[in-house]
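# Observations on the three-dimensional arrangement
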Amino acid sequence: MKNELVLVDTQIRPGVALLRLNRPKELNALNLQLMAELRDALAILDKDENVRAMVLTGNEKAFAAGADIHQMSGKGAIDMLLIDQFATWEQIRRLKKPLIAAVSGFVLGGGNELVMHCDLVVASETARFGQPEILLGIMPGAGGTQRLTRQIGKVNAMEMVLTGQPVSAKQALAWGLVNRVVPVEVYLDEALRLASEIALRAPLAVRLAKESVLKAQDSNLSEGLEFERKNFYMLFASADQKEGMDAFVNKRPPQFTGS
Ligand code: CAA
């Protein structure tokens with residue numbers, strides 16, 4: 001599968017697909033075509049039974065420097081409303097399979113917001129995370145005030161959004177924006193390793209567990225707990241639950257089939 005602005009590799013590791021943003025000269029600025037290709041590629045991979053986890057990356061210099069400013073600069077409010085370019089990002093958030101971001105260099109504006117659509121984030125030591133929209137006379141529009149605030153807290157989000165200044169990978173780790181920070185030489189390998197580990201787990205359990213964790217961000221505690229409980233009970237209808245528990249009892253590794 002090969003697109004122009006998003007390269008897809010389904011052979012990189014068993015059960016893992018790698019998606020690479022591919023506008024290096026523009027620091028992977030997220031124009032409409034790139035985002036459409038990304039959404040389409042993710043939708044296909046999400047349905048591909050050979051894929052159990054996905055990794056999204058850019059390059060060492062830039063994961064993504066934000067939404068494409070050239071594409072937006074001449075637009076008016078009604079153009080923006082009609083194009084409604086960020087509305088469909090929600091589809092990425094609703095993917096059933098885990099999506100792991102492997103980021104390095106610039107992670108700015110829409111780039112940081114895209115990272116927050118992912119489930120796990122591995123950052124290189126050189127990554128810089130920012131919401132610089134304020135420097136352009138605008139504000140974040142794809143989760144940079146809402147998801148960011150839920151994720152790192154009010155005062156930290158205020159600092160990023162109101163100053164527009166980027167923070168280091170170390171700071172992002174301390175604020176809970178990323179899972180781990182590793183040397184630039186290995187950030188992609190580490191993300192692929194995580195993806196491979198998740199790819200070995202029971203796919204239905206991974207799917208319902210992901211759904212349940214995401215539910216925690218959108219619901220109150222009692223609704224979330226009820227949702228979690230039902231998903232937990234539902235997994236007892238799966239062959240993989242029988243397999244996982246039988247393997248434990250008989251002291252052997254499980255062979256999960258996704259059924
Ligand atoms: N959109 C379009 N093009 C971009 C871009 C963006 N967000 N970021 C970088 N580019 C392009 C530049 O125009 C430049 O292209 P040319 O060579 O054709 O001029 C090329 O990428 C390289 O950029 P620089 O020469 O600026 O590289 P640098 O190393 O000097 O600076 C940078 C790097 C600090 C990231 C700087 O490019 C920059 O500030 N970019 C804009 C970051 C930004 O404001 N992002 C937010 C966008 S708005 C948004 O994302 C809204 C939202 O909420 C979703």
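Residues numbered from 1 in each chain as written. Predicted model: local features only at pLDDT ≥ 70, side-chain atom pairs only at ≥ 80, totals over all residues. Heavy atoms only, no water.

Further remarks concern the site of the ligand. Close contacts around the ligand come from 22 residues, with Ala 67, Ile 69, Gly 110, Glu 113 and Glu 133 the closest. With respect to the ligand, the backbone of Ala 67 contributes an N or O atom lying 2.9 Å from an oxygen atom. Ile 69 has a polar backbone atom sitting 2.9 Å from a nitrogen atom of the ligand. Bound to the protein, the ligand loses 63% of the 980 Å² it would expose on its own. Elements with a minimum of two residues in the shell around the ligand: helix H2 (69–73), strand E6 (106–108) and helix H5 (110–115). When residues of the shell around the ligand are assigned to their parent elements, the largest contribution, three residues, is made by H2. A breakdown of the residues in the shell around the ligand according to their chemical character gives 12 nonpolar, five polar and five charged. (Near = heavy atom within 4 Å. Polar contact = N/O pair within 3.5 Å; in protein donor to acceptor, adjacent residues only side chain to side chain. Areas by Shrake-Rupley, 256 points an atom, 1.4 Å probe, with all protein chains shown as cover. Helix = DSSP H or I, 4+ residues; strand = E, 2+ residues; numbered from the N terminus. Nonpolar A, V, L, I, M, F, W, Y, C, P; charged D, E, K, R; others polar.)

Taking burial as the measure, the five residues of strand E3 (residues 53–57) include five buried ones, the bulk of the element. On E3, burial covers both faces: Ala 53, Val 55 and Thr 57 on one face and Met 54 and Leu 56 on the other are all buried. Both strand E2 (residues 16–21) and E3 contribute to a ladder of five bridges, which runs parallel. Within the sheet, the bridge partner assigned to Leu 18 lies in E3 and is Val 55. Crossover E2 to E3 through helix H1 (residues 32–47) is right-handed. Where E3 and strand E5 (residues 99–103) come together, four bridges link them in parallel fashion. Looking at the pairing, Thr 57 lines up with Ala 102 of E5. (Buried < 20%, exposed > 50% of the residue type's maximum accessible area, 1.4 Å probe, protein only. Pairing = 2+ DSSP bridges. Right-handed = clockwise from strand over helix to strand, strands pointing away.)

Right, let's talk about the domain arrangement of the protein for a bit. As assigned here, the protein comprises domain 1 (6–199) and domain 2 (203–249). A C-alpha centroid distance of 26 Å is found between domain 1 and domain 2. If you look at the interface, domain 1 gives 10 residues, while domain 2 gives seven residues. Of the roughly 810 Å² buried where domain 1 meets domain 2, counting both sides, 48% is carbon and sulfur surface. Seen at the junction of domain 1 and domain 2, the total is one salt bridge. Across the pair Asp 119 and Lys 210 runs a salt bridge whose closest N-O atoms are separated by 2.7 Å. Seen at the junction of domain 1 and domain 2, the total is four residue pairs in polar contact (both at pLDDT 80 or more). Tallied by class, the residues present in the side of domain 1 that touches domain 2 amount to four nonpolar, no polar and six charged. (Domains from an automatic or database assignment. Contact = heavy atoms within 4.5 Å. Buried area = accessible area lost by both parts, 1.4 Å probe. Salt bridge = Lys/Arg side-chain N within 4 Å of Asp/Glu carboxyl O.)

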